[in-house]
Structure formats: structure tokens, C-alpha cells
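Reading the structure
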Amino acid sequence: MLNDKILNTPLSETTFSVLDVETTGLSARDNKIIEIGLVKVENLKIMESYHSLINPGRLIPYFITSFTGITNDDVFDAPFFEDIVDELEEFIGYDIISGHNLTFDKSFLKKEFISCGKEFLPNFNVCTLKIARRLFPNLRSKSLGSLSNFLRIKNRSAHRALGDAQVTARILIKIINQLHESFDVETVGDLINFQFNPRLNKSNTTIKKKLGEDVSGLPDAPGIYYFLNSRNEIIYIGKAKSLRERVKSYFSPTAQRKAKAIIKQASRLRTEITNTELTALLTEAELIKIIKPRHNTQLRKYGSKYFLRVMTTHKFPAIEISNHFDFDGNDYFGLFISKKKAAEIYELLNKTFAIRECTDKEFSKGKACFLAEIDRCTAPCINSDLKIYNSELEKLYEFLYGKNQFALTRLIIKMKEYSSKQKYEKAGEVKQLIDLILSQSHKSSILAEPVNSANVLFEVSGNFAKDYVVMLAGKIYVKKYVLKEEDRFEQVLDDYFEHTININPMPDDEDLEKMKITLNWLIKNRSSVRVFYLKEYRSKAELYSRLSSFGNPNTVPVESNFNIRELLESQF
């Protein structure tokens, strides 16, 4: 009821907190806030503001200082984010949070809140950039500078948090007044909906009435969407983290040519709510291969799969890239989305850990190679020292399980040694490896064991509900998976704990595809995932008892508006 009250509040009586942040870089995953500005707009007037420099706990890059003017000396005595988080929460309160390209600012703010052990603010949001794209489709650039010039608003402190927040607040007031005059936008709900409203499309595409009706009531929930033509044929399948935001982007004046072509041919829209984005991804990939809609050019075939294989069947295991998955006694790590990604990690492993890179034939000759001379290998071919080699192999496994501190320390020491010897090119190569570790998680770090021996249950939390996924012997099983008439989730868990022998153990292309989608999504969204290793439990009851200790899943607020299987039957 509180949400309904806020949405129905007249804009003339609404309070906004307009946000802007300056940061150490462009990615919230790897960077921090160094300055924050907030401006409170009440009754369409600027009332008060909040400003603070923030100590990021790291050096500010030179290009950021050049851009913002904020130096390391400026933030040296500034508070850390945790010191001001309560002040920010109190200042914002229940206000509508607004900003220009708000997604960027919110991503940093959310990360900082979570790092302080606090839940992020659930407030409604209004992005002036999204509104400008719909209100001023002919304005070439909708950047803050371009928009402020267009609306004749001076910004005397560009690229500083408070100055940009003040300009954004004035833009917001002007935009609200114009929307009220031109489009009868009167309430908070009207303003929020305007950000995605397809009815204001200025293109020549005619939106069919029933399609417009289908779009208007979309939920802010993950799921699958299907565009159908006048013959009830599916012409495009897509997945979305938010059906409302994703589908309405097709109607934007700035939509891509392909999206406009789909809308031109579409007569109806159908959607299916899923618990999380992960099950939407899995369903999309499988349905596209079954139906092969006209406008879906990707995911029509099973792609290549690449693993890193540690040849544990050899006394001194080497590593290799493999596009084959097996239960052959070796350890497989992955699954990588491309051969290039696998090759990056393969090179990093070889340059960080002293593991042999020779073939078994070369190893059998018993002659040390160049890599042994430069300490890139422990030379087991001549010393047969299992203890030294296994110690190095153990560190490599720890890295593949997501523990990268040893690798980083070793590479930093190596980089400093090269620099002290003025071997700057070599030092630069090592620096690239360090950057690779810091910039991306390798594709096996969600698991603490090889994928071919991992028998695990993943609990995936969405905004409204949870998904439960079992990976058993390389196969993926989703609880209540919408495309499977037979829900085998419970059965495979029973089989595992009852030690039932599987007569068809090898995963097929569909299994490997699901493994690739699942593991890569889980890595990117690890904060939403709990991993339960089946070997740690004596029975399914014990496992479920552990699951229930984390609380029961919520329910999705909106039900599906059609049956997927009925729709599939109509296509053939």
C-alpha cells in the first residue's frame, strides 16, 4: 500500500534526492566512490544538498584526477564510505532517487552499501537520461553537458558530484514541467512509466493495438518473452532480467534496426515469468533450438565448449585446453565461453605456476628444457621430485578454485624483480597478467572442485523467488523447469543419496550447453548464489534441512499469462 501511495503522489508534492558520484573508474566491480553529491528537490524546488569527498582506500588514477580535479591529497583526510553511510540513508529517506544515467551511479552506491553490510535502498528511481531519450529524440547527444546546454542551464562545476547533481536537479524540474504540459504526466507513477512508454515512439512504425495492450501491463520480473505474428507464429524469443524494461526498449526511438523490424511484424506478445534470470537464460537457449524463430540468429546451434584439463593420469600432470569432457580420471575446469577465454587462463597458469608444458614424449627424454632454466618449471623430467611438483600443483588448484592471493603475490614480486633489473618489457608482460587476475574471475571459481567431479546443488536467489539447480555428473537439473514435463530434480537427488548407478553417465550437447550457461551466470552473480556440495550430506533430508535454515523462498508476484507447452504445440 505504501508503494501505491508513492506512485499516486502528484509530482508537485513529491520529494526527490538527485544523486551524482565521482569514482576511481568506470566499473563498480573494481572501483570506488571518491565524491558524492545529493540535492533534495521538494515541491519542484531545490531545498537542500549534501556533499562529501570519500577516501576510497586506494590511489586515484591520474586520468580521473585530470577529469575531476580530485587528487589523492584531497581525499587523504576524507571519511571512508562506511563513516557516512548512515548520513546518506537518513538524507535520502523515502525520496525518489534521481540522476543522469542513474544506473551508473546506483551501481557504485549499491556496492558501497553492501560492502558496509547494509541492504541497498529500495526507493523508486527516475533517470533523467532515459526520460531525455524519449522526450528529446532528435537531440543528438543526451549527455548531461549537452542536455544542460539545450535547456540553457549553466554548470559551473562540471564533473564534480555536487555541481552535476545540482544541474541534474534543475533539469529534472524543467523536464517534469514540460511533461506535465505536453503529455499530462502528473504523478510519480506517470513519470516512472514515461521512462519506458512505447506510445511516445516517434518512428514511423505502427504499433498494433493488441501488441500495445500486451506490453502495457508487463511486470518488473525476470522471464521469457515471445513476439508472435498475425498467424500466431513465434518470430522472436528473448529473455530478460526485467520483462518490463527489456520489452519496452524495443519501442524506443533509439532501438536497433532488428528490434524495429520485429515490432513491425509482431501482432502479439506473450511472456512467461521465471524465478530468476538464470532459468530465463536456460529456457531461451533451449526454445530457440526447438523453434528456430525467424529473427533469432544466435543460439540456434550448440556452440563449442572449452575446458582446461589437468592430466592427473600422469605422475607429473600437465595442463591442456580441451573441447572434450569426460570422466577419464583427469580433472576438468571450466566451462569457458570461448577458446580465447580458455587460452587466456591457460597462458596465465603457465606463466604463474611452475608446471611442465612439454608433451609426454618430450618428458620421457629426461632432458631439461629452457623453461626449467628460467624457473618456469620444476624440471620433474630430471629430478623426479614429486613433493616439489605437487606443491606447485596444489597452488595451481587453489587458484582454479578462486583463491588468487598467492598468484598475485608471486607475480608482483616477479614484476618488481624485472623492474629493478630494468627489464621493463618483461615487467609489463607480468603487469598484464596481474591486471587479468584483477579484472575478471576465471571461469571455475564458483566451484571448489573440478566440474567433472562436482556434484552440487545451487540455490539461486531472485528478487521475488528462488531457483534450485543440481549439477550431477555433468548434467544440469532445474527444479520445476518449465520445459520439462517430468521434473527429475527430486529423483536425481534420491539416486545420488541411494547410490543408484546411472546407465547413461555422459552429458550430451544440451547438458553441456546448460552447464556453460549456468556456471558463467553463477560466476557473474555469485552474491545471489549458495553452493551445497552433496558429498557433505548423508541424505536428502539432511541437505534440505540445511537449505531450510536459510529461509523459505518468496513467491513471484505475477503469474504467467499463458502456457508455454500449448504455445509450442501450436508452432508445429
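The preceding data block contains the structure.
Described in the following lines is the structure provided in the data block.

Reading the values: rules and limits
Residues numbered from 1 in each chain as written. Predicted model: local features only at pLDDT ≥ 70, side-chain atom pairs only at ≥ 80, totals over all residues. Heavy atoms only, no water. Pairing = 2+ DSSP bridges. Helix = DSSP H or I, 4+ residues; strand = E, 2+ residues; numbered from the N terminus. Axes fitted to C-alpha atoms, helices over the stretch in contact; angles between N-to-C directions. Contact = heavy atoms within 4.5 Å. Parallel < 35°, antiparallel > 145°, perpendicular 65-115°, else oblique. Left-handed = near helix turned anticlockwise from the far one by under 90°. Buried < 20%, exposed > 50% of the residue type's maximum accessible area, 1.4 Å probe, protein only. Core = buried A, V, L, I, M, F, W, Y, C linked by side-chain atoms within 4.5 Å. Patch = residues over 30% accessible without salt bridge, like charges linked within 9 Å, V, L, I, M, F, W, Y side chains within 5 Å. Areas by Shrake-Rupley, 256 points an atom, 1.4 Å probe, with all protein chains shown as cover. Salt bridge = Lys/Arg side-chain N within 4 Å of Asp/Glu carboxyl O. Lys, Arg positive; Asp, Glu negative; His and termini not counted. Charge placed at Lys NZ, Arg CZ, Asp CG, Glu CD. Expected span 1.5 Å × (residues − 1).

Turning to the sheet that holds strand β7 (residues 234–240), a few remarks are in order. An order of β7-β6-β8 is seen for the three strands of this open sheet, with the pairing classed as antiparallel. Looking at which strands have only one partner, the edges of the open sheet turn out to be β7 and β8 (268–273). The sheet shows a mean angle of 20 degrees between the axes of neighbouring strands, direction not considered. Across six bridges, the pairing between strand β6 (residues 223–228) and β8 is antiparallel. Counterpart to L228 in the pairing with β8 is R268. Of the strands in this sheet, β6 and β7 are in contact with helix α13 (residues 277–291), which crosses β7 at around 160 degrees.

We now examine the packing of helix α4 (residues 81–92) against helix α5 (residues 102–115). When two helices pack together, their arrangement is given by the angle between their axes and by how far apart the axes lie. The interhelical angle for the contact between α4 and α5, taken along N-to-C directions, is 110 degrees, at an axis separation of 10 Å. By the angle class used here, α4 and α5 are roughly perpendicular. Seen along the crossing, α4 lies across α5 with a hand that is left-handed. Along the contact surface, α4 presents F81, V85 and E89, while α5 presents L109, E112 and F113.

With eight of nine residues buried, strand β1 (residues 15–23) is to be regarded as a mostly interior element. Note: β1 against strand β2 (residues 33–42), nine bridges, orientation antiparallel. Residue pairing in the sheet places V18 in a bridge with V39 of β2. Of the strand pairs in this sheet, β1 and strand β4 (residues 96–99) are connected by three bridges, and their pairing is parallel. Within the sheet, the bridge partner assigned to V18 lies in β4 and is S98.

With 39 residues, the main nonpolar core has L447, F458, M471 and M515 as its most contacted residues. The element that contributes the greatest number of residues to this core is α13, accounting for eight residues. Setting aside anything within four residues of it in sequence, one finds M471 in contact with L447, V451, A454, N455, V456, F458, I476, M515 and L519. With 31 residues, the next largest nonpolar core counts I6, A132, L147 and I192 among its residues.

There is a patch of like positive charges on the surface, built from R152, K154, R156, R170 and K174. Within the secondary structure, R152 is located in the loop between α7 (144–150) and α8 (161–183).

Inspection of the entire model under this criterion finds 27 salt bridges. As a salt-bridge pair, R309 and E320 come within 2.3 Å of each other at their nearest N and O atoms. Of this pair, R309 sits in strand β9 (residues 306–310) while E320 sits in strand β10 (residues 319–322); the two residues are eleven residues apart in sequence, bridging distant segments of the chain. Look at E320 and you get partly exposed, because its relative accessible area is 28%. Taken together, the shared-partner salt bridges in this structure form one network comprising K479, E490, D494 and K540.

Its 15 residues give α13 an end-to-end C-alpha distance of 21 Å, which sits within 8% of 21 Å, the value for a rise of 1.5 Å per residue. Where burial is concerned, most of α13 is hidden: 14 out of the 15 residues are buried. Once α13 ends, the next one or two residues include K292, with phi positive near 55 degrees.

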